[in-house]
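The chain contents come next:
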Amino acid sequence: MSTEARIALDGVSYCFGKGALRKQVLFDIATQINGGEIVILTGPSGSGKTTLLTLVGALRSAQEGSVRVLGQELLNARERKLIKVRRQIGYIFQAHNLLNSLTIGQNVQMALQLNSEKRKDDKRRVIEVLQRVGLAEHEHKLPRELSGGQKQRAGIARALVNRPKIVLADEPTASLDKKSGRDVVELIEDLAREDGSAVILVTHDNRILDVADRILHVEDGRMRSMSEVVSEGTSRMLNLLEKHDPNSANYLATFAFALARIAYADGEVSDAEREKIRRILHEVADLKESEVEFIMELSMMQRRAKSNLDNRIVNPALDEKRAKHFLNSLHAIAQADGITTSLELIEIDAIAAEFGLHRKGIPKTS
Ligand SMILES: Nc1ncnc2c1ncn2[C@@H]1O[C@H](COP(=O)(O)OP(=O)(O)OP(=O)(O)O)[C@@H](O)[C@H]1O
Ligand SMILES: [Mg+2]
């Protein structure tokens, strides 16, 4: 099964309930995920993310379409086959699911014993994984003696101790503060990349989208491409902006996108950069906080999906005053972390060139 995708879904539909209560929650889902790939699954509450994850995870058996996981067809699969597939999957849930009466070390070791035949190296592997998640000193503690973030990391150690070929994580950061959430996701990313696992990570947390190789979006049980979502979001954004200032809507949309480009110039968007974007957008448009948030996140998504948006760039029609403000704002985002990097400068120059501006923000007269 060398070239087969780790996960291959085709025409997958799923219903809960029977008879009059029967309700379809997944419709014709198709996608493939390879080893080493990290896919983030987003979508509104109730859209079917967890249901989809449990199908892939062989935690319920598929009813319609093809669910191939690690070379096994799970459509109408018997319990025995499901169990065999489950053994090769690492699950990370919102609640850490540690056994409270066992120590952290024992919890991790148990996952290993359920699987491996040779016990000789078990102990070493447990310690190695606990070290990896930063819990080496906590091996002999009980779960209740750890913080939420530490428990979640122990859950990750337990899920990954077997070097699973597939890792499924359902909102692993939901109960964590921002910093621990980020750490946990980066940990999953590192470990998965080391072992070449295929990862599906369900999240509502926009701040971690950047770890993904690919983002899948589910809405009302249907899979939608990111470019569909973004282009729909773009028209929503323009409508929103037009309500406030019809003459500036196009400009603002372009402006927000340019800010996002600078924030992304060196790979990762920091909190300081987000905060700066928020503040600048607040200053230029009379928008509610939630609207600013929407525009910011959408611009970030546009930036991520840039390849699909090349024909979407709007001519912002800058007069001199606006052009200056435009470029100053780009510099302000670049400076948000305290230092403007050369990558950020290159991006500023590129944007300036696209919009026919000089470095100082004066439109070129031609
Ligand atoms: N065991 C069940 N029996 C009946 N309906 C269910 C069951 N589990 C989920 N549902 C319904 O299926 C739909 C999809 O639920 P699911 O849990 O997959 O959503 P989700 O995208 O994970 O949502 P959230 O972001 O809130 O976790 C919802 O309408 C939900 O009410
Ligand atoms: Mg869910």
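Reading guide: rules and limits
Residues numbered from 1 in each chain as written. Chains lettered and ligands numbered in written order. Predicted model: local features only at pLDDT ≥ 70, side-chain atom pairs only at ≥ 80, totals over all residues. Near = placed C-beta within 6 Å. Helix = DSSP H or I, 4+ residues; strand = E, 2+ residues; numbered from the N terminus. Nonpolar A, V, L, I, M, F, W, Y, C, P; charged D, E, K, R; others polar. Axes fitted to C-alpha atoms, helices over the stretch in contact; angles between N-to-C directions. Left-handed = near helix turned anticlockwise from the far one by under 90°. Contact = placed C-beta atoms within 7 Å. Pairing = 2+ DSSP bridges. Core = buried A, V, L, I, M, F, W, Y, C linked by C-beta atoms within 7 Å. Buried ≥ 20, exposed ≤ 12 C-beta atoms within 10 Å, placed from the backbone. Domains from an automatic or database assignment.

A. Representation of the site of ligand 1 within the structure. Around ligand 1, the neighbouring residues are F16, G17, V25, G43, S45, G46, S47, G48, K49, T50 and T51. Counting residues per element, the shell around ligand 1 draws most heavily on helix α1 (residues 49-56), which supplies 3 residues. The residue inventory of the shell around ligand 1, partitioned by class, reads 2 nonpolar, 8 polar and 1 charged.

B. Representation of the packing of helix α8 (residues 249-264) against helix α10 (residues 289-304). The interhelical angle for the contact between α8 and α10, taken along N-to-C directions, is 65 degrees, at an axis separation of 8 Å. The hand of the α8/α10 crossing is right-handed. Each of A256, F257, L259, A260, R261 and Y264 in α8 lies in contact with α10, whose residues at this interface are I295, M296, S299, M300, Q302 and R303.

C. Quick look at the sheet that holds strand β8 (residues 198-202). Judged by pairing direction, the sheet is mixed, and its 6 strands sit side by side in the order β6-β7-β8-β3-β9-β10 without closing on themselves. Edge positions in the open sheet fall to β6 (89-92) and β10 (222-224), since each of these has one partner strand only. Averaged over all pairs of adjacent strands, the angle between strand axes in this sheet comes to 20 degrees, irrespective of strand direction. As defined by bridge partners, β6 adjoins strand β7 (residues 166-170) across 4 bridges and the pair is classed as parallel. What sits directly across from I92, in β7, is A169. Seen against the sheet, α1 touches β3 (38-42), β7, β8 and β9 (214-219) and runs at an angle of roughly 155 degrees to β8.

D. Focus on the nonpolar core. Grouped together as the largest cluster of nonpolar side chains are 58 residues, with contacts concentrated most on A157, V167, I188 and L201. With near-sequence residues (within four places) excluded, A157 lies in contact with V108, V129, L130, V133 and L135. In this structure, I262, A265, I280 and I351 belong to the second largest nonpolar core, which totals 39 residues.

E. The arrangement of unusual backbone geometry in detail. In the Ramachandran plot, L70 falls in the positive-phi region, its phi being about 50 degrees despite a non-glycine side chain. Within the element layout of this structure, L70 appears in the loop between β4 (64-69) and β5 (72-73). On the basis of neighbour counts, which here come to 19 C-beta atoms within 10 Å, the residue L70 falls in the partly exposed class. One non-glycine residue, D220, lies in positive phi territory at about 50 degrees. Tracing the backbone through its elements, the reader meets D220 in the loop between β9 and β10.

F. Seen up close, the domain arrangement of the chain. When the domains of the chain are assigned, the result is domain 1 (7-223) and domain 2 (226-354). In this structure, domain 1 and domain 2 have C-alpha centres spaced 34 Å apart. With 5 residues of domain 1 in contact, the opposing surface of domain 2 contributes 6 residues.

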